[in-house]
Amino acid sequence: MSKKVTNRSTGNRIDGTFFWTSHMDNAFIQAMLKEQDKGNRIDGTFTSQAYANMVDELSRMLNKDFNKNHLKNRLKTLKDHFSQCYDIFRGTKLFEAEEEVWEALIAEKPDAAKWKKKQISNYDEMLELFGRDRATGGGAETAKERRNQMATNQQRP
């Protein structure tokens, strides 16, 4: 198996493909939120039109040749990273803690060790995108829905 050679500053590989940089992830997450707000995500699945819009926007914005499969594969990766983090930390953004807290958490959940030195970027945005997929029962709503509900409750006399 040949090793892929990458120029990390540009995100380009010698074979013409690319790896996802944090800048690319940020743009993709914003594009997903935009499509979700437009109603182009139904029952947790982006529509074909949403993917077409995101491919066009990201290709233009990032000057890369994206296609739907690139986005679908990256979506799976982002969702997987978010899910691991969400499940380990029970939906909170616990990333900084005393050493004793980390030791206890890692003893209980060994998968938490990788999050000790690595933070998940765009946590709040991904909570809005993927939170419903992780929650059950009364907590099965997105961050956006919770904000809207709180705003509605505050407006009532």
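Structural data are supplied above this passage.
Worth saying up front: this structure is predicted, and the values here are computed from it rather than measured.

J.: Any chance you could explain the overall build of the chain here in plain terms?
T.: Per the secondary structure count, the chain includes six helices and four strands. Moving toward the C terminus, one meets the helices and strands of the chain in the order β-β-α-β-β-α-α-α-α-α. Of all 157 residues assigned to the chain, the portion counted as buried reaches 34%. Within the chain, contacts between residues separated by at least 24 positions form 52% of all contacts whose residues are at least 6 apart in sequence. Put simply, the chain shows about 10,200 Å² of open surface, and 48% of that area lies on carbon and sulfur atoms.

J.: I tried to follow the nonpolar core on my own but got confused; where do I start?
T.: It is characteristic of soluble globular proteins that their nonpolar side chains tend to be buried jointly. Ranked by internal contacts, the top residues of the largest apolar core, which has 35 residues, are Phe 28, Met 32, Met 54 and Leu 71. Among the elements of the structure, α1 (22-37), α2 (48-62), α3 (68-88), α4 (99-108) and α5 (123-134) are those that each provide at least two residues to this core.

J.: Mind showing me how you'd approach α1 here?
T.: Since the α-helix packs 3.6 residues into each turn, any two residues three or four apart lie on the same face. For α1, spanning 16 residues, the distance from its first C-alpha to its last is 22 Å, which sits close to the expected 22 Å at 1.5 Å a residue. Of all the residues in α1, the buried ones are Met 24, Asp 25, Ala 27, Phe 28, Ile 29, Ala 31, Met 32, Leu 33, Glu 35 and Gln 36. Positive backbone phi, approximately 90°, marks Gly 39, located one or two places after α1.

J.: Sorry if this is basic, but what is going on with the packing of α1 against α3 here?
T.: To characterise two packed helices, one gives the angle between the axes of the helices and the distance between these axes. As a packed pair, α1 and α3 sit with axes 12 Å apart at the nearest point and diverge in direction by 95°. Taken together, the axes of α1 and α3 are roughly perpendicular relative to one another. Within the contact between the two elements, α1 uses Asp 25, Phe 28, Ile 29 and Met 32 and α3 uses Leu 71, Arg 74, Leu 75 and Leu 78. Of the residues contributing to the contact of α1 with α3, the split by class is six nonpolar, no polar and two charged.

J.: What am I meant to see in the packing of aromatic side chains here?
T.: Pairs of aromatic rings are described using the distance from one ring centre to the other and the angle between the two planes. Counting across every chain of the model gives six aromatic pairs. A ring pair is formed by Trp 20 and Phe 28, whose centres lie 5.6 Å apart and whose planes are at 40°; its orientation type is tilted. The exposure class assigned to Trp 20 is buried, which follows from its relative accessible area of 15%. Where Trp 20 meets Phe 66, the ring centres are 5.3 Å apart and the plane angle is 50°; that geometry is what we call tilted. With Trp 20 in the loop between β2 (12-13) and α1 and Phe 66 in the loop between α2 and α3, the pair connects residues that are 46 residues apart, well separated along the chain. Aromatic ring contacts, followed pair by pair, group Phe 82, Tyr 86, Tyr 123 and Phe 130 into a single cluster.

J.: I keep staring at the environment of Leu 78 and nothing clicks. Help me out?
T.: Tracing the backbone through its elements, the reader meets Leu 78 in helix α3. Those residues within four positions of Leu 78 in sequence are excluded, and the remaining contacts are Asp 25, Phe 28, Ile 29, Met 32, Met 126 and Phe 130.

J.: I'm lost on the packing of α1 against α2 in this one. Help?
T.: Two elements in contact, α1 and α2, have axes whose closest approach is 10 Å; the angle formed by their N-to-C orientations is 145°. Along this stretch, α1 crosses α2, giving a crossing that reads as right-handed. Between α1 and α2, the contacting residues are His 23, Met 24, Ala 27, Phe 28, Ala 31, Met 32, Lys 34 and Glu 35 on the first element and Ala 50, Asn 53, Met 54, Glu 57, Leu 58, Met 61 and Leu 62 on the second. Within the contact of α1 with α2, the residues separate by chemical class into 10 nonpolar, two polar and three charged.

Rules of the game
Residues numbered from 1 in each chain as written. Predicted model: local features only at pLDDT ≥ 70, side-chain atom pairs only at ≥ 80, totals over all residues. Heavy atoms only, no water. Helix = DSSP H or I, 4+ residues; strand = E, 2+ residues; numbered from the N terminus. Buried < 20%, exposed > 50% of the residue type's maximum accessible area, 1.4 Å probe, protein only. Contact = heavy atoms within 4.5 Å. Areas by Shrake-Rupley, 256 points an atom, 1.4 Å probe, with all protein chains shown as cover. Core = buried A, V, L, I, M, F, W, Y, C linked by side-chain atoms within 4.5 Å. Expected span 1.5 Å × (residues − 1). Axes fitted to C-alpha atoms, helices over the stretch in contact; angles between N-to-C directions. Parallel < 35°, antiparallel > 145°, perpendicular 65-115°, else oblique. Nonpolar A, V, L, I, M, F, W, Y, C, P; charged D, E, K, R; others polar. Phe/Tyr/Trp six-rings, centres within 6.5 Å; stacked < 30°, edge-to-face > 60°. Left-handed = near helix turned anticlockwise from the far one by under 90°.

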